[in-house]
Amino acid sequence: MGEAAVCAAGVGTGTERGRGGRPGPGAGEDDLVGGGRMTAGVTESGAAQERLRRWRLVLGGDEADGTGHTLTGQDAAMDGALTALYGKRAPRAGRDRSAGLGASAPAVARWLGDIRSYFPSSVVQVMQRDAIDRLGLATLLLEPEMLEAVEADVHLVGTLLSLNKAMPDTTKETARVVVRRVVEDLERRLATRTRATLTGALDRGARVRRPRHQDIDWNRTIAANLKHYLPEQRTLVPERLVGHGRASRSVRKEVVLCVDQSGSMAASVVYASVFGAVLASMRSIDTRLVVFDTAVVDLTDRLADPVDVLLGTQLGGGTDINRALAHCQSRITRPTETVVVLISDLYEGGAKNGMLKRVAAMQAAGVRFVTLLALSDEGAPAYDREHAAALEALGAPAFACTPDLFPEVMAAAIERRPLTIPDAG
């Protein structure tokens, strides 16, 4: 959360906070407002003034900030936008106030327009999240004019999903447009690479005994014929050829995405829905998507449109992983050709022992079981370490996964290779 004022002031990307709740400086001091850089020709005096300017934007201008620097022009306007959000007296929406954004939709809409003109998109998204958390502005997102003003991203979609049931009919269509904008952007970034990676994994998995020359897998062919090596002639006689088959049009692999829709998993739900739609578009993979809290909802019939999938979820509530896995297990028809991906922080509200026994039973039947503590780019997630250790003891390690790494994880699971597990550090 600290990047907003840090990047705004150009003082690095640290997470400490300055006075008034503004994020404080990080390790570097090279980036200027809007992502520019200081030129080599800046004098030593000019550099010192620039550093004071940045610190002044971070510290917020209280009497004790120690900079003695006065902001003018656009810098003063930027400082006003930051003060409205991070100022000491900024109240939660609906309370008496003498500073801050308040509960006025027009005022917030103007503020959103201001920050979009002053700061880069990545900073705007952080400031929007801070505004929702600090000022209680989530309810204002139920108004169409507010949704049209915000910078749409994965986190905003998560907030909209949490408000889904409270959303008036006049806002739902605008919300759908916002969600679709984010989903289409994610699909553009993720779909091509995902299909290419998994198609390669499916092709490599289809071994044939009479391959065409261009389809011969030479490494496996040599390994399969080492006993036919003739030392005196230094020649290997390949009595059996092993080749890469071409993925058939019929379904050969089954993938079950079992997604925890508790409030902390919002970003994971968004990414899982997009990946579910991408997998469902591949003829060689039969994809099922199941979301759960204490209830279980099968959204497989909506996979053609990830927006419909997302609007069919309801973030929040408890968690019953065992119940969700029971539903998934009951739908598996070919265990040895099935990959089950549980996406959850593992805070189980149901039967822990039942969950572990169910995982063990699926693995014993031949199912490849993968546990992702998060499917997002938000950094290290909070999760139940006891349950994660218990799954690892069963041979099903649990780890967080970024969207960029997900195709490789799925390819390894389909080919039954060791999983690509990112460094926990």
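Residues numbered from 1 in each chain as written. Predicted model: local features only at pLDDT ≥ 70, side-chain atom pairs only at ≥ 80, totals over all residues. Heavy atoms only, no water.

Enquirer: Kindly report on the overall build of the protein, identifying the contributing residues and their values.
Expert: Per the secondary structure count, the protein includes 15 helices and ten strands. Within the protein, the fraction of its 425 residues that count as buried is 49%. Across the protein, every contact between residues at least 6 apart in sequence was considered, and the portion connecting residues at least 24 apart equals 70%. (Helix = DSSP H or I, 4+ residues; strand = E, 2+ residues; numbered from the N terminus. Buried < 20%, exposed > 50% of the residue type's maximum accessible area, 1.4 Å probe, protein only. Contact = heavy atoms within 4.5 Å.)

Enquirer: Which residues make up the packing of helix H7 (residues 154–162) against helix H10 (residues 266–280), and what values go with them?
Expert: Relative orientation of the contacting elements H7 and H10 amounts to 105°, with a least axis distance of 8 Å. With respect to each other, H7 and H10 are oriented roughly perpendicular. Mapping the contact onto sequence places Val154, Val157, Gly158 and Leu161 in H7 and Ala266, Ala267, Val269, Val270 and Tyr271 in H10. (Axes fitted to C-alpha atoms, helices over the stretch in contact; angles between N-to-C directions. Parallel < 35°, antiparallel > 145°, perpendicular 65-115°, else oblique.)

Enquirer: Can you lay out the sheet that holds strand S9 (residues 368–375) for me, pointing to particular residues and giving the numbers?
Expert: Taken in spatial order, the six strands of this open sheet run S7-S6-S5-S8-S9-S10, and their pairing is mixed. Edge positions in the sheet fall to strand S7 (296–298) and strand S10 (398–401), since each has one partner strand and no second. Ignoring strand direction, the axes of neighbouring strands in this sheet form an average angle of 25°. Alignment of strand S6 (residues 285–292) against S7, held across three bridges, turns out to be antiparallel. Residue pairing in the sheet places Val290 in a bridge with Asp298 of S7. (Pairing = 2+ DSSP bridges.)

Enquirer: Requested: an account of the pattern of salt bridges, with residues and values cited.
Expert: Under the defined criterion, the tally for this structure stands at 16 salt bridges. Close ionic contact of Asp153 with Arg129 constitutes a salt bridge, the shortest N to O distance being 3.4 Å. Remark: Arg129 occurs in helix H5 (residues 121–135) and Asp153 occurs in the loop between helix H6 (144–149) and H7; sequence separation between them is 24 residues. Taking the relative accessible area as the measure of exposure, Asp153 reaches 7% and is therefore buried. Through salt bridges with shared partners, a single network forms among Glu50, Arg53, Arg54 and Asp75. (Salt bridge = Lys/Arg side-chain N within 4 Å of Asp/Glu carboxyl O.)

Enquirer: Any details on unusual backbone geometry? Residues and values, ideally.
Expert: With phi around 50°, Arg234 is a residue other than glycine that occupies positive phi space. With a phi close to 70°, Leu346 is a non-glycine residue in the positive phi region. Classification of Leu346 as buried rests on a relative accessible area of 0%.

Enquirer: Residues and numbers for the nonpolar core, please.
Expert: Membership of the largest hydrophobic core comes to 84 residues, with the highest contact counts inside it found for Trp111, Phe119 and Met127. In terms of residues, this core owes the most to one element, helix H8 (residues 169–205), which gives ten residues. Listed in part, the 24 residues of the second largest apolar core include Val290, Ile321, Met355 and Ala396. (Core = buried A, V, L, I, M, F, W, Y, C linked by side-chain atoms within 4.5 Å.)

Enquirer: So what about the pairing of strand S8 (residues 338–343)? Which residues, and what values?
Expert: Consecutive residues of a regular strand have side chains that alternate between opposite faces of the sheet. Most of S8 sits out of view: six of its six residues are buried. Alternating residues of S8 divide into Thr338, Val340 and Leu342 and Val339, Val341 and Ile343, and every residue in both groups is buried. Bridge count for strand S5 (residues 253–260) against S8 is six bridges, and the pairing is parallel. Directly across from Val256, in S8, lies its bridge partner Val340. One ladder, built from five bridges, connects S8 with S9; its direction is parallel.

Enquirer: So what's going on with the pairing of S10? Which residues, and what values?
Expert: With three bridges joining them, S9 and S10 adopt parallel strand pairing. Bridge assignment links Leu372 to a residue of S10, and that residue is Phe399. Following the chain from S9 across helix H14 (residues 385–393) to the adjacent parallel S10, one finds a crossover that is right-handed. (Right-handed = clockwise from strand over helix to strand, strands pointing away.)

Enquirer: Describe a nonpolar patch on the surface, and please don't skip the residues or the numbers.
Expert: A contiguous nonpolar surface patch, about 320 Å² in accessible area, is contributed by Trp218, Ile222 and Leu226. On the secondary structure map, Ile222 appears in helix H9 (residues 218–224). For Ile222, a relative accessible area of 42% puts it in the partly exposed group. (Patch = residues over 30% accessible without salt bridge, like charges linked within 9 Å, V, L, I, M, F, W, Y side chains within 5 Å. Areas by Shrake-Rupley, 256 points an atom, 1.4 Å probe, with all protein chains shown as cover.)

Enquirer: Let's hear about the packing of aromatic side chains: which residues, and what values?
Expert: Counted under the stated rule, the structure contains two aromatic pairs. Taken together, a centroid distance of 6.1 Å and an interplanar angle of 75° make the contact between Tyr118 and Phe119 edge-to-face. Pairing Phe275 with Phe406 gives two aromatic rings, centres 4.5 Å apart and planes at 40°, and the pair type is tilted. Taken together, the residues span a long stretch of sequence, with Phe275 in helix H10 and Phe406 in helix H15 (residues 406–415) at a distance of 131 residues. In this pair, the class of Phe275 matches that of Phe406, namely buried. (Phe/Tyr/Trp six-rings, centres within 6.5 Å; stacked < 30°, edge-to-face > 60°.)

Enquirer: Account for helix H13 (residues 352–364), naming residues and giving values.
Expert: Think of an α-helix as 3.6 residues a turn; residues three or four steps apart then line up on the same face. The end-to-end C-alpha separation of H13 is 19 Å, in line with the 18 Å expected for 13 residues at 1.5 Å each. If you follow the buried residues of H13, they end up packed against helix H12 (321–331), S8, S9 and H14. Backbone geometry just after H13 places Gly366 at a positive phi near 110°. (Expected span 1.5 Å × (residues − 1).)

Enquirer: Quick rundown of H15? Include the residues and the values.
Expert: Counting buried positions along H15 yields eight of ten residues, so the element is predominantly enclosed. Restricting attention to buried positions, one finds in H15 the residues Phe406, Pro407, Val409, Met410, Ala411, Ala412, Ala413 and Ile414.

Enquirer: Can you break down the environment of Leu112 residue by residue, with the values?
Expert: Note on placement: Leu112 falls in helix H4 (residues 105–118). With 37 residues separating them in the primary sequence, Leu112 and Ala149 have C-alpha atoms 6.4 Å apart. Setting aside anything within four residues of it in sequence, one finds Leu112 in contact with Gln128, Met146, Ala149 and Val150.

Enquirer: Which residues make up the state of the cysteines, and what are the values?
Expert: Applying the stated criterion to the full structure yields zero disulfides. As a non-bridged cysteine, Cys328 has Cys258 as the owner of its nearest cysteine sulfur, 3.7 Å distant. You can call Cys328 buried: its relative accessible area is 0%. (Disulfide = S-S within 2.5 Å.)

In short, the description is geometric, and any link to function would need to be established separately.
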